[in-house]
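Summary of structural features
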Amino acid sequence: MSSPLSPLDALPTPAILVDRARLTANINSMQAAADAAGIELRPHIKTHKMVGIARQQLAAGAAGLTCAKLSEAEAMLPSGVRSMFVAHSLVSPLAAPRLAALAERLDDLRIAVTSEAHLEALARLASLTGKKLSVMMALDTGLAREGARDAASAGRIAAQVARSPHLALRGFYTHEGQYYGVPPAERAAKLVETIGRLSDLRDSIDPALPIWPGSSSTAKAILAMGTRLVQAVRPGTYVFGDLSLCRTTAVMRDDEVALHVLATVVDKPEPGLVLIDAGSKVFSSDRTPDTIFGRAADGRDVAVVRVNEEHGYVRGADVDALKIGERIAFIPAHVCVVLNLTDEVTVVDRGAVVDTWRVDARGCVR
Ligand SMILES: Cc1ncc(COP(=O)(O)O)c(C=O)c1O
């Protein structure tokens, strides 16, 4: 008689696995680093989009949550959060009633002002809420996305916000996504310089205002600096980790990664190539700089090098030893998009399936 399948073997693939113990370790270790530095942690929920994980971050000591979109913020309300920052360029008058309702539900709601061009639309939107809204000013530190590009522009934004009856400047924020490409040896010196520049800029406007940088590529390094110049950090990806944090940036180890894509070998059409049942609809089309979509979590040289919608093309020194039907857990290149492509995750603990969690804010992009 054949032995019964373990719950993990019985799971249809592709499946998204969350390792509960590693998730908890990642949440607690970032919180411990923030507590030791005396700096607030305001994690970005875009990575996990799950109320239960937000609740766990808050219970560990997070001062509040960061969201990208209003719908994400609304989805996180059941976590019991009291302080939220919506870090995106809100412009639509349609957002006014939702913003007003969110402000009513929270002790502290902050929204973003991301440039002089954005401020005009934001001030109009804020006036429609009939409330005075707290704003955090985006400062560009090198990603060249949103944010004031220089001190003169930041000064003009601050002056215009001060004249707006519906806006109050409460601080500054940044997203250092460009640090994913900075070699580890250069990171510390670059960060000291970046934070020094941010602090000078803040002092030129109002030394009492906080600075909230936000990226998993820099959060632990900032916390370890023991700086008094920064008041909160807002990392997101650290809860799970991915190839961008483990390989591109090397701020996490593979064995700390808490989310894997479980896929099955479905074909071996030629030597050196294996096909799996997970493609771009699972991994997304995001790749590492060396164009990898996912790598085997167990350290074998088995990498997803190309994706179609339902197929992953797997190559590497160890692929010929793989068997049809074999299951492989992969670390994805970019975990945040993987989460937004799945309705639920399978929670595992020491190899056993222990739960299924819904991705509450899946698809919340408005
Ligand atoms: C505005 C903002 N803040 C914080 C984060 C979190 O950064 P990370 O994904 O590096 O943890 C992001 C990520 O895209 C972001 O766009």
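Presented here is a report on the structure given in the accompanying data block. (Residues numbered from 1 in each chain as written. Predicted model: local features only at pLDDT ≥ 70, side-chain atom pairs only at ≥ 80, totals over all residues. Heavy atoms only, no water.)

**Regarding the environment of Ser79**
One can find Ser79 in the loop between helix H3 (70-76) and strand E4 (83-86). Between the C-alpha atoms of Ser79 and Ala59, which are 20 residues apart in sequence, the distance is 9.9 Å. Ignoring sequence-local partners within four residues, the contact set of Ser79 consists of Val51, Ala54, Arg55, Leu58 and Leu65. At 2.6 Å, the side chain of Ser79 and the backbone oxygen of Met76 are in polar contact. (Helix = DSSP H or I, 4+ residues; strand = E, 2+ residues; numbered from the N terminus. Contact = heavy atoms within 4.5 Å. Polar contact = N/O pair within 3.5 Å; in protein donor to acceptor, adjacent residues only side chain to side chain.)

**Topic: the site of the ligand**
Taken together, His44, Lys46, Arg145, His175, Tyr180, Gly214, Ser215, Ser216, Arg234, Pro235, Gly236 and Thr237 form the complete shell of residues around the ligand. Arg145 is positioned such that a nitrogen or oxygen atom in its side chain is 2.9 Å from an oxygen atom of the ligand. Within the side chain of Thr237, a nitrogen or oxygen atom sits 2.6 Å from an oxygen atom of the ligand. Alone, the ligand offers 390 Å² of accessible surface; in the complex the protein occludes 91% of this. With respect to the detected pockets, the ligand is housed in the largest pocket. Among the residues making up the shell around the ligand, the classes are represented as two nonpolar, seven polar and three charged. (Near = heavy atom within 4 Å. Areas by Shrake-Rupley, 256 points an atom, 1.4 Å probe, with all protein chains shown as cover. 1 Å grid on protein atoms, 1.4 Å probe; cavity = no way out; pocket = protein on both sides within 12 Å on 5 of 7 lines; lining within 4 Å. Sits in = over half its atoms within 2 Å of the grid points. Nonpolar A, V, L, I, M, F, W, Y, C, P; charged D, E, K, R; others polar.)

**Re the pattern of salt bridges**
Taken as a whole, this structure holds 23 salt bridges when the rule is applied. Notably, a salt bridge pairs Asp203 with Arg202, separated by 3.1 Å at the nearest N-O pair. Asp203 sits in the partly exposed class, given a relative accessible area of 39%. For Arg202, a relative accessible area of 4% translates into the label buried. With a shortest N-O distance of 3.5 Å, Arg315 and Glu270 are connected by a salt bridge. With a gap of 45 residues between them, Arg315 in strand E14 (residues 312-315) and Glu270 in strand E10 (residues 259-270) connect regions that are remote in the sequence. Using a relative accessible area of 41% as the deciding quantity, one classes Glu270 as partly exposed. Each of Arg20, Asp349 and Arg350 takes part in salt bridges that share partners, so that together they form one network. (Salt bridge = Lys/Arg side-chain N within 4 Å of Asp/Glu carboxyl O. Buried < 20%, exposed > 50% of the residue type's maximum accessible area, 1.4 Å probe, protein only.)

So, to be careful, I would describe these as geometric facts and stop short of saying anything about function.
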